[in-house]
Amino acid sequence: GRHKPYSLAMIFANPVFAAARAQLASPEQTERKGLNIPSVVEHVQKVKAAAPQNLDYGVDYYLKGALAGGICCGITHGAVCPIDVVKTRIQLQPDVYNKGMIGGFKQVIAAEGVGALATGLGPTVFGYFIQGWFKFGGVEYFKIQFVKALGEEKAWNNRNSIYLASAGMAEFIADIFLCPLEATRIKLVANPKFAASMPAAMSKIVAEQGLLNGFYSGFGPILFKQVPYTMAKFAVQGQVAEAIYNSMGKGPKQCSGGTNLSVSLGSGVVAGVVAAVISHPADTLLSKINKPGAGGEGSTMTRLGRIATETGYMKLCTQGLAARCFMIGTLTAGQFGIFDSVMGALGASKFHFHNPSDPH
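Residues numbered from 1 in each chain as written. Predicted model: local features only at pLDDT ≥ 70, side-chain atom pairs only at ≥ 80, totals over all residues. Heavy atoms only, no water.

1. Points about the overall build of the protein chain
1) Next: Looking only at helices and strands, the protein chain has 17 helices and zero strands in total.
2) Next: Looking at the protein chain as a whole, 46% of its 360 residues qualify as buried.
3) Next: Put simply, the protein chain shows about 17,900 Å² of open surface, and 65% of that area lies on carbon and sulfur atoms. (Helix = DSSP H or I, 4+ residues; strand = E, 2+ residues; numbered from the N terminus. Buried < 20%, exposed > 50% of the residue type's maximum accessible area, 1.4 Å probe, protein only. Areas by Shrake-Rupley, 256 points an atom, 1.4 Å probe, with all protein chains shown as cover.)

2. Examining the nonpolar core
1) Next: In this structure, Tyr57, Tyr61, Phe136, Phe234, Phe351 and Phe353 are the most contacted members of the largest nonpolar core, which totals 36 residues.
2) Next: If one sorts the elements of this core by residue count, helix H10 (residues 159-190) sits on top with seven residues.
3) Next: Ignoring any residue separated from it by four or fewer positions in sequence, one finds Phe353 in contact with Lys143, Val147, Ala155, Trp156, Arg159, Ile162 and Tyr163.
4) Next: If you look at the next biggest cluster of nonpolar residues, it comprises eleven residues, including Val80, Leu321, Cys325 and Met327. (Core = buried A, V, L, I, M, F, W, Y, C linked by side-chain atoms within 4.5 Å. Contact = heavy atoms within 4.5 Å.)

3. Structural notes on the packing of helix H6 (residues 81-92) against helix H17 (residues 321-345)
1) Next: Two numbers describe how H6 lies on H17: the axes approach to 10 Å, and their chain directions differ by 160 degrees. Looking at the two axes, H6 sits roughly antiparallel to H17. Relative to H17, H6 is oriented so that their crossing is left-handed. Touching Ile83, Asp84 and Lys87 of H6 are Ala323, Arg324, Phe326 and Met327, all from H17.
2) Next: Partitioning the contact of H6 with H17 into residue classes produces four nonpolar, no polar and three charged. (Axes fitted to C-alpha atoms, helices over the stretch in contact; angles between N-to-C directions. Parallel < 35°, antiparallel > 145°, perpendicular 65-115°, else oblique. Left-handed = near helix turned anticlockwise from the far one by under 90°. Nonpolar A, V, L, I, M, F, W, Y, C, P; charged D, E, K, R; others polar.)

4. Notes on helix H13 (residues 219-248)
1) Next: Taking 1.5 Å of rise per residue, 30 residues should cover 44 Å, and H13 covers 42 Å from first to last C-alpha, within 8% of that figure.
2) Next: Directly beyond the C-terminal end of H13, a positive phi value near 70 degrees is found at Gly249. (Expected span 1.5 Å × (residues − 1).)

5. So, the packing of aromatic side chains
1) Next: Applying the stated rule across the entire model yields 15 aromatic pairs.
2) Next: When the ring of Phe136 is compared with that of Phe234, the centres are 5.2 Å apart and the planes differ by 65 degrees; the resulting orientation is edge-to-face. Of the two residues, Phe136 is situated in helix H8 (residues 121-150) and Phe234 in helix H13; the sequence distance between them amounts to 98 residues. Across this residue pair, the class does not change: Phe136 and Phe234 are buried.
3) Next: Summarising the aromatic geometry, the rings of Tyr141 and Phe142 are spaced 5.5 Å apart at their centres and angled 70 degrees between planes, so their arrangement reads as edge-to-face.
4) Next: Take Tyr141: its relative accessible area is 37%, and that puts it in the partly exposed class. (Phe/Tyr/Trp six-rings, centres within 6.5 Å; stacked < 30°, edge-to-face > 60°.)

6. Examining the side chain of Thr184
1) Next: Following the sequence through the fold, Thr184 ends up in helix H10.
2) Next: For Thr184, a relative accessible area of 0% translates into the label buried.
3) Next: Not counting residues within four places of it along the chain, the set of residues in contact with Thr184 comprises Pro123, Met198, Ala201, Met202, Ile205 and Phe215.

7. So, H17
1) Next: In a regular helix each residue adds 1.5 Å, so 25 residues correspond to 36 Å; H17 covers 35 Å between its end C-alpha atoms and thus fits that length.
2) Next: Among the residues trailing H17, Gly347 stands out with phi positive, at a value near 80 degrees.

8. Focus: the packing of H6 against H10
1) Next: Where H6 contacts H10, the two axes come as close as 10 Å, and the packing angle between them is 75 degrees. The angle between the axes of H6 and H10 places the two elements in the roughly perpendicular class. When H6 is examined against H10, the residues Asp84, Val85, Thr88, Arg89 and Leu92 are found in contact with a partner set consisting of Arg185, Val189 and Ala190.
2) Next: Across the contact of H6 with H10, the residue classes tally to four nonpolar, one polar and three charged.

9. Considerations on the side chain of Arg159
1) Next: Residue placement: Arg159 occurs in helix H10.
2) Next: A polar side-chain atom of Arg159 sits 2.6 Å from a polar atom in the side chain of Glu242.
3) Next: If we ignore the near neighbours within four places in the chain, the residues touching Arg159 are Glu242 and Phe353. (Polar contact = N/O pair within 3.5 Å; in protein donor to acceptor, adjacent residues only side chain to side chain.)

10. A word on the pattern of salt bridges
1) Next: In this structure the tally under the stated criterion is nine salt bridges.
2) Next: With a closest N to O distance of 2.8 Å, Arg89 and Glu112 form a salt bridge. Here the residue Arg89 occupies a position in helix H6, and Glu112 occupies one in helix H7 (residues 100-112), the gap between them amounting to 23 residues.
3) Next: Salt-bridge contacts for Lys225 lead to Glu182; the nearest nitrogen and oxygen are separated by 3.8 Å. In this pair, Lys225 sits in helix H13 while Glu182 sits in helix H10, placing the two residues 43 residues apart along the sequence.
4) Next: According to the relative accessible area criterion, Lys225 is buried, its value standing at 4%. (Salt bridge = Lys/Arg side-chain N within 4 Å of Asp/Glu carboxyl O.)

Nothing here speaks to function; it is geometry throughout.
Here you go:
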């Protein structure tokens, strides 16, 4: 016989269509009946979570990152300049400045006045603005390039290595620009009467010692100091921030601006202290090699060897360490906090590593 035409009632009588209709009408009812039909919302959430992260960051993003980095480093290093003056004096003249951090402040003020605590402020702010520009901008650039090259999943699994490599490369570039200004700062702190201004001090250094010897004698120590410091700073901050977000069960995008700022500050303190301890021996060497006559004659490495022998390993690691931990802990927290704030003010959404299997 002939087949009867299908009616809407017959179609919806079909168990499969009935289940789908029930799902659309009431997801809760479907769940009670044990029908494993995902809701539209669940499906969209899964697709969204599985979607690759948008890595289309243009030149404007990297410029914003560089500017935010320059601002955060210039402000924070300028703010702790008095602490840096006392720390450098303790490292250069331990026989005179041997009464600790607070005692050192009192000694400097008593001998030279409060204004002495701002010695080297110009090269400090300018030098670290340039360094922050290349450091933070470079880290953002290299991180994103690694993710593009490796793919999101592989990058997520190797994110700590990417932090370390990105920070190391960015810092190396930044130190080429920082080294002359750091040499100038140390000259001014060691001898406030050396010159009346930063440009005058730089001209005098070139005239007396030449460009390379005057500005780049400390390039080796500055690399030994800054590269491990920056690698530790970014890697530890990334890990600590991730641990804090995991403890809250949220990602940065699910948190308010105030919460993200608190995470940046808290993780920055931890990262700063760890980075300060790791890089302190090189920091002491850097301060000493810029002192006139330090290490005698010969190449930079020969002079560094003599200074290290004369000072002793324990003193290299501990001379001025308490002051530096306080300074760098505060400074690093401030840097990450200001960086995130400036990026937000510039309308840039900061890059974060993304776990492809995590909807957060």
